[in-house]
Amino acid sequence: MSARLVRHRRGLIGGAAVVLMLLTGVLAPLIAPHGYSNQSLLQRLQPPSAAHWLGTDGFGRDVLSRVIWGTRVSLQIGFLATALALLVGTALGSAAGYFGGTADTAIMRAADAFMAMPALFLILVVVALFGASLLNTALVISLVTWAQVARVVRAECLSLRGREFIDAAHALGAGHARILGRHLLLNAMPVIIVQATLLLGQTILIESALSYLGLGAQPPLPSWGNMVVEGRQFLASAWWIAAFPGLAIFLTVLGFNLFGDGLRDALDPALRGAS
Amino acid sequence: MGVDAGLRGYVLRRLGFALLMLVCVSLILFTLMRLAPGGPEAVLIGGEFSPAAAAQIRERLGLDRPLPLQYLRWAAAAFRGDLGRSFKTGDPVAALILDRLGPTLQLTGGALVLALVAAIPLGVLAAVRRGTIWDTLGSAISLFGVSFPSFWLGIMLILLFSEAFRWLPPSGLSEYGREADPLSRLRHAILPTLTLGSIQMAAFMRFTRSSLLEALRQDYVRTARAKGLAGGAVVWRHALRNALIPVVTVVGLSLPTLVGGAVLTETVFAWPGIGRLAVGAVFERDYPVIMGVNMVVAAVVITANLVTDVAYCLIDPRISYR
């Protein structure tokens, strides 16, 4: 699989972008040239230059440093929301696929209901009313994304359920928990990993949208979304304030999408370019 | 007759489910709003206020009554089409929503049409010329499309077309005083429609490509080719007509994303639709407006999904009503 992924050029580029973003987030305090809240009114609205590679914002803060620090916020919420969605989606999806019958119908109808709701409206209400903490934001993003994980995991478990090794496990006296945990989920893991990678891109997009609406990380903590909204008011005179954080969101999400596509192709070449 | 009875039963079942979903959505929203810390009194009074003043406001707004009673009163009124009055302005919520629904439908409808008109030819080109530069280009466009934050795309379009070239207006529905001028409205609609449509286009294109590739592998296509039919006719008259059937479902499924995208697009372009109404209402804790907007949006999306599913059954006779 790893050899196939290495040969998949786009997947490799995506993987490299993901690693780069992760390193940027982890090493932010070491590599950011300035503090994210260091202001200098004499330096405000400076265009990109040798001193400030991506220019400065309306408070004279270094845009590059804020983009670097913003990586942390976006990735933290992205990873937390994805982990929660995976936990709930995998548990419910595998139960639906394995047990079938009423459990399957109930879980999948609930998933349909969540997928039919305009997610952003629901997120907007919850975050605005309960506050925009890291946990609240991640929780509510996972609330609207678990259903797609459940669908994929259910489909995979349905196809695995009829295989001989599951029958063999039954014959050897394995219980439901063991079959689900040790056999079904372990074999469904590649599909879950691909889903997680693609979901990370989505959750980062949702987080940035929330920040844009003023419901994500609160200033002065920089998140890419709130940097874009700050830059909106200076668009005519200082385009760089809005342009670079948005570019960071785009490149990160693109990286996760490319990496997810590459992983999927490496795991199952028959699916190449299928979706 | 059998098919009609089957279809009727299916539609009735789906309607029942849709109604149940609306009740669930309303219950969830209602409970969430009442459980949230703080209330509308803080926003309405502003600054410091005494507990007595807060209690007075809660009583006036009916928030002092037991929660189930509040919900039942709201539900009974909503069933009659009365969504209550805005806490903030006192205006009827239904009227506020009706005022804003037109611009939102214009924006989402325009974006949907634009997305389909662009996505289908590009998807066909990518599928027919599979493995060529067209396919690579198509894949790149669709991948970029799903990776763009829509609000940023909107801002970059404003930067380019409004600030740099000064070709198009950056915000609003029309110039002040020219609300009835169709040309002014069209010029204002271009950038928001393009923003919202581009994101949808990427998903539709990806799906058209994969659906057409699947159709091109079918036996009837091989038969049509074996009969000596020209390549274009095989693709457009045979394969594409079948390939577009699943696209109908994807269009239906994309509605929640489209409506969610409208919230951001309306915010970026100061477009006076229900997305902006919702954003304003949640910040002001205007409960009746939040409930009203969410219920109307949920009803529109659920109805559109129902219509899509029924249309799917009617288009493709192989689908059974279960």
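Cut-offs applied
Residues numbered from 1 in each chain as written. Chains lettered and ligands numbered in written order. Predicted model: local features only at pLDDT ≥ 70, side-chain atom pairs only at ≥ 80, totals over all residues. Helix = DSSP H or I, 4+ residues; strand = E, 2+ residues; numbered from the N terminus. Contact = placed C-beta atoms within 7 Å. Core = buried A, V, L, I, M, F, W, Y, C linked by C-beta atoms within 7 Å. Buried ≥ 20, exposed ≤ 12 C-beta atoms within 10 Å, placed from the backbone. Axes fitted to C-alpha atoms, helices over the stretch in contact; angles between N-to-C directions. Left-handed = near helix turned anticlockwise from the far one by under 90°. Nonpolar A, V, L, I, M, F, W, Y, C, P; charged D, E, K, R; others polar.

*Asks:* Can you explain the overall build of chain A? Please cite residues and give values.
*Replies:* Secondary structure assignment for chain A yields eleven helices and zero strands. For chain A, the α and β elements follow one another from N to C terminus as α-α-α-α-α-α-α-α-α-α-α. Here the analysis covers contacts within chain A between residues at least 6 apart in sequence; of these, 71% occur between residues at least 24 apart.

*Asks:* Tell me about the interface of chain B and chain A, and name the residues and values.
*Replies:* By a widely used convention, the size of an interface equals the accessible area lost when the partners come together. On the chain A side, the residues contacting the 38 residues of chain B number 33 residues. Of all the secondary-structure elements, those providing two or more residues to the side of chain B that touches chain A are α1 (2–35), α6 (133–147), α7 (150–164), α8 (182–216), α11 (255–268), α12 (274–284) and α13 (287–315) of chain B. Among the elements that line the side of chain B that touches chain A, the one with the most residues is α13(B), at seven residues.

*Asks:* Tell me about the nonpolar core, and name the residues and values.
*Replies:* Judged by nonpolar contacts, the single largest core of 152 residues is most densely connected at A:Ile123, A:Leu124, A:Val125, B:Ala278, B:Ile290 and B:Val293. Tallying contributions element by element places helix α9 (residues 176–212) of chain A first for this core, with 17 residues.

*Asks:* Lay out the packing of α8(B) against α11(B) in plain terms, naming residues and giving numbers.
*Replies:* All names here are of chain B. Running from N to C, α8 and α11 point in directions that differ by 145°, and their axes come no closer than 10 Å. The interaxial crossing formed by α8 with α11 has right-handed handedness. Where α8 abuts α11, its residues Pro192, Thr195, Leu196, Ile199 and Gln200 lie against Leu258, Gly261, Ala262 and Thr265. Here the residues of the contact of α8 with α11 sort into five nonpolar, four polar and no charged.

*Asks:* Quick rundown of the packing of helix α5 (residues 93–128) of chain B against α11(B)? Include the residues and the values.
*Replies:* All names here are of chain B. Two elements in contact, α5 and α11, have axes separated by 10 Å at closest approach and are oriented at 115°. Where α5 crosses over α11, the handedness of that crossing is right-handed. Where α5 approaches α11, its residues Thr104, Leu107, Thr108, Ala111 and Leu112 are matched on the opposing element by Leu258, Val259, Ala262 and Thr265. Looking at side-chain class alone, the contact of α5 with α11 contains six nonpolar, three polar and no charged residues.

*Asks:* I'd like a rundown of unusual backbone geometry, residues and numbers included.
*Replies:* With a phi close to 55°, A:Leu45 is a non-glycine residue in the positive phi region. Within the secondary structure layout, A:Leu45 lies in the loop between α3 (28–31) and α4 (63–99). Even without being a glycine, B:Arg285 presents a positive backbone phi close to 55°. A residue is classified by how many C-beta atoms lie within 10 Å of it, and B:Arg285, with 21 of them, is buried.

*Asks:* Residue-level account of the environment of B:His238, with values.
*Replies:* All names here are of chain B. Counting through the fold element by element, histidine 238 comes out in helix α10 (residues 231–253). Placed 192 residues apart in sequence, histidine 238 and glycine 46 show a C-alpha to C-alpha distance of 65 Å. With residues near it in sequence (within four places) discarded, histidine 238 still touches Tyr220, Val221 and Ala224.

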